[in-house]
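Topology and contacts: notes
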Amino acid sequence: MSNSGLITAYVSDTSLHDFVTANKERQAAGQPKQQLLQTGLWRYSRHPNHVGEQLFWWGIGLFALSSHAYWNLLGPLFNTMCMVRAHITCA
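Residues numbered from 1 in each chain as written. Predicted model: local features only at pLDDT ≥ 70, side-chain atom pairs only at ≥ 80, totals over all residues. Heavy atoms only, no water.

**With respect to the environment of Asn79**
For clarity, the threshold we go by: We count a stretch as a helix when DSSP gives it H or I for four or more residues in a row; a strand needs E for two or more, and each element gets its number in order from the N terminus.
Structurally, Asn79 is set in helix 3 (residues 74–90). Between the C-alpha atoms of Asn79 and Phe19, which are 60 residues apart in sequence, the distance is 27 Å.

Spelled out as C-alpha cells, the structure:
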C-alpha cells in the first residue's frame, strides 16, 4: 500500500511538472496556455498527488498495526484530517 502511494505521488508530481514546463514553453512561443491537466492520473482525480500521500501514510499506519501499536494510527488520521480541512476551506 505504501509503495503504491509513493508511485502514485511520483507519477502525478512528474506529470504535473511536465505540464507546467510545457505550458511555459507554449507561452514563450506565443501560444495560449492550457488551463487544466487532464491526462494520466489527473484524468481521474483532481489531486492524485494527495491521494498518493494518503495511501503512503495509511500503509505505514496499517503496517504498524501488525505490532499492535495502535497509537501509530494517529499520524495518518491527523494527516487525513488536515487534508480534508484544507480542501474544505479552499473550496
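**A short note on the environment of Gln38**
Rule in force here: Summary of the burial criterion: residues with accessible area below 20% of their type's maximum are buried, those above 50% are exposed, and those between are partly exposed, where the area comes from a 1.4 Å probe applied to protein chains only.
If you trace the backbone, Gln38 turns up in the loop between helix 1 (2–28) and helix 2 (48–65). Among the residues examined, Gln38 registers a relative accessible area of 52% and is labelled exposed. Sequence-wise, Gln38 and Cys82 are 44 residues apart; in three dimensions their C-alpha atoms are separated by 26 Å.

**Observations regarding the packing of aromatic side chains**
What counts is decided by this rule: We call Phe, Tyr and Trp rings a pair once their centres come within 6.5 Å, taking the six-membered ring for Trp, and we label the pair stacked below 30 degrees between planes, edge-to-face above 60, and tilted otherwise.
Applying the stated criterion across every chain yields a total of 1 aromatic pair. Ring geometry for Phe56 versus Trp57: centroids 4.9 Å apart, planes at 75°, classification edge-to-face. Overall, Phe56 belongs to the partly exposed group, its relative accessible area being 21%.

**Overview of the side chain of Ser2**
Inclusion rule: We call two N or O atoms a polar contact when they sit within 3.5 Å, provided that within protein one can donate a hydrogen and the other can accept it, with sequence-adjacent residues counted only if both atoms are side-chain atoms.
With respect to the helices and strands, the residue Ser2 is situated in helix 1. Polar contacts involving the side chain of Ser2 include one to the main-chain amide nitrogen of Ile60, which spans 3.1 Å.

**A few points about helix 1**
This is how the line gets drawn: The span one expects for a helix is its residue count, reduced by one, times 1.5 Å. Two residues qualify as a contact provided that any one of their heavy atoms is within 4.5 Å of a heavy atom in the partner residue.
Taking 1.5 Å per residue as the helical rise, helix 1 with its 27 residues ought to reach 39 Å, and the 39 Å between its terminal C-alpha atoms agrees with that figure. What helix 1 keeps buried is the set Ser2, Gly5, Thr8, Ala9, Ser12, Phe19 and Asn23. Against helix 2 lie the buried residues of helix 1. Gly30 occupies a position one or two residues after helix 1 and carries a positive phi of about 85°.

**Section: the side chain of Gln54**
Mapped onto the elements of the fold, Gln54 is located in helix 2. Every residue in contact with Gln54, bar those within four places of it in the chain, is listed here: Pro76, Asn79, Thr80 and Met83.

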